[in-house]
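A structural walkthrough
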Amino acid sequence: MNLILLYESDFISEHKVHLTDHRAQHIQNVHRAAIGDKLKIGRLNQLMGSGLVRQSDANGVILETHFDQEPPTPLPLTLILALPRPRMLARSLQHISTLGVKRLVLLGTKRVEKSYWMSPELKPEKIRDNLILGLEQARDTLLPEVHLETQFKPFVEDRLPNICAGTQGIVAHPGSLEACPRGIEGETTLAIGPEGGFIPYEVEKLVEAGLKPVHLGERILRVETAVTALLARLF
Ligand code: SAH
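Residues numbered from 1 in each chain as written. Predicted model: local features only at pLDDT ≥ 70, side-chain atom pairs only at ≥ 80, totals over all residues. Heavy atoms only, no water.

Turning to the pairing of strand E7 (residues 77–82), a few remarks are in order. The element E7 is largely enclosed, with a buried count of six among its six residues. Residues of E7 alternate between two faces, with Leu77, Leu79 and Leu81 on one and Thr78, Ile80 and Ala82 on the opposite face, all of them buried. In the sheet, E7 pairs with strand E12 (residues 188–192) via five bridges, with the strands oriented parallel. Residue pairing for E12: isoleucine 80 is matched across the bridge by alanine 191. Pairing geometry for E7 and strand E8 (residues 103–107), over five bridges, is parallel. From the neighbouring strand, threonine 78 faces E8, where its bridge partner is arginine 103. Viewed along the sheet, the connection from E7 through helix H2 (residues 86–98) into E8 turns out right-handed. (Buried < 20%, exposed > 50% of the residue type's maximum accessible area, 1.4 Å probe, protein only. Helix = DSSP H or I, 4+ residues; strand = E, 2+ residues; numbered from the N terminus. Pairing = 2+ DSSP bridges. Right-handed = clockwise from strand over helix to strand, strands pointing away.)

So, in structure tokens, the structure goes:
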């Protein structure tokens, strides 16, 4: 936890928070913070700054807050990710949030098992928990928005063309003719497939919606590795 993320409910007065949960334990046991120490803090979806430890005991931790710093710049990206299997989803959400993605669509495709949509990992509070772990890691406060699109066709036909309009559209697909671009600027729409990949029909539909297929070399990467490799290479 490189940043103590604070919520409105933590505030006991304008410049003071009282923490009693895992964050208090983290401050006490991992940071081993003493009275007078300063910790990096952030207010969810708002500024970052420092928290001065005023009290730390069995009742928790009281920090005096000072906010003076903007969170890091978001990636200019909408990421469309075929819904990964639940365990991979949890990790992918953390990476995605750490890397600065702010708009994420989780998409159903032919090779996404239907049962994945029933997983407890998809409960809004679980999604949020994983995104928050990513923010605490990165030192960021802006919670990504996540849309669940279980049906491929209506999403790709009705909504994707609008999302994609005016952006550089890319679908990562092994074996494509063109290599993935590097260090691009401007708004981007990127689609990443499921473990089994997109089927040819899906690639066609994504191309119709404005995405260009690109490869990342001859090695086939796991979805969570592909996410990291693509974002690092693109931005
Ligand atoms: N078995 C599938 C690969 C799935 S890998 C196949 O052979 O087509 C999961 C996803 O990660 C892919 O759909 C793609 O979006 C991305 N990916 C992984 N390795 C890639 C590569 N070398 N080039 C482009 N995309 C890749």
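Now that the structure has been shown, we can carry on.
Here the focus is the site of the ligand. Looking at the ligand, there are 18 residues lining it, with Ala172, Gly193, Leu216, Arg219 and Leu221 nearest. Take alanine 172: an N or O atom from its main chain is 2.6 Å from an oxygen atom of the ligand. For the ligand, an oxygen atom lies 2.9 Å from a polar atom in the backbone of glycine 193. When isolated, the ligand has an accessible area of 560 Å², and the protein chains bury 86% of it. Every element with two or more residues in the shell around the ligand is listed here: strand E13 (212–215) and helix H6 (223–234). (Near = heavy atom within 4 Å. Polar contact = N/O pair within 3.5 Å; in protein donor to acceptor, adjacent residues only side chain to side chain. Areas by Shrake-Rupley, 256 points an atom, 1.4 Å probe, with all protein chains shown as cover.)

The subject of this paragraph is the sheet that holds E7. In space, the seven strands of this open sheet follow the order E9-E8-E7-E12-E10-E13-E11, with parallel pairing throughout. Strands with a single pairing partner mark the edges of an open sheet, and in this sheet they are strand E9 (145–149) and strand E11 (178–179). Strand direction decides the pairing type here: strand E10 (residues 168–172) and E12, joined by five bridges, are parallel. Counted as the bridge partner of glutamine 168 is threonine 188 from E12.

Let us now look at helix H5 (residues 200–208). Buried within H5 we find Glu202, Val203, Lys205 and Leu206. Summarising the axial view, the buried residues of H5 lie within an arc of 160°, below the 170-degree limit, and thus occupy one face. More than 90 degrees from the buried face of H5, the exposed residues found are Pro200 and Glu208. Positive backbone phi, approximately 115°, marks glycine 210, located one or two places after H5. (Arc of directions from axis to C-beta.)

With that settled, the discussion passes to the domain arrangement of the protein. By a widespread convention, an interface's size corresponds to the accessible area lost as its parts come together. Looking at the assigned domains, one finds that the protein contains domain 1 (4–69) and domain 2 (77–234). The partner domain 2 presents nine residues to the eleven residues of domain 1 that form the contact. With both sides pooled, the region where domain 1 packs onto domain 2 buries about 760 Å², and carbon together with sulfur makes up 63% of that total. Summed over the shared surface of domain 1 and domain 2, the result is three residue pairs in polar contact (both at pLDDT 80 or more). Among the residues making up the side of domain 1 that touches domain 2, the classes are represented as five nonpolar, four polar and two charged. (Domains from an automatic or database assignment. Contact = heavy atoms within 4.5 Å. Buried area = accessible area lost by both parts, 1.4 Å probe. Nonpolar A, V, L, I, M, F, W, Y, C, P; charged D, E, K, R; others polar.)

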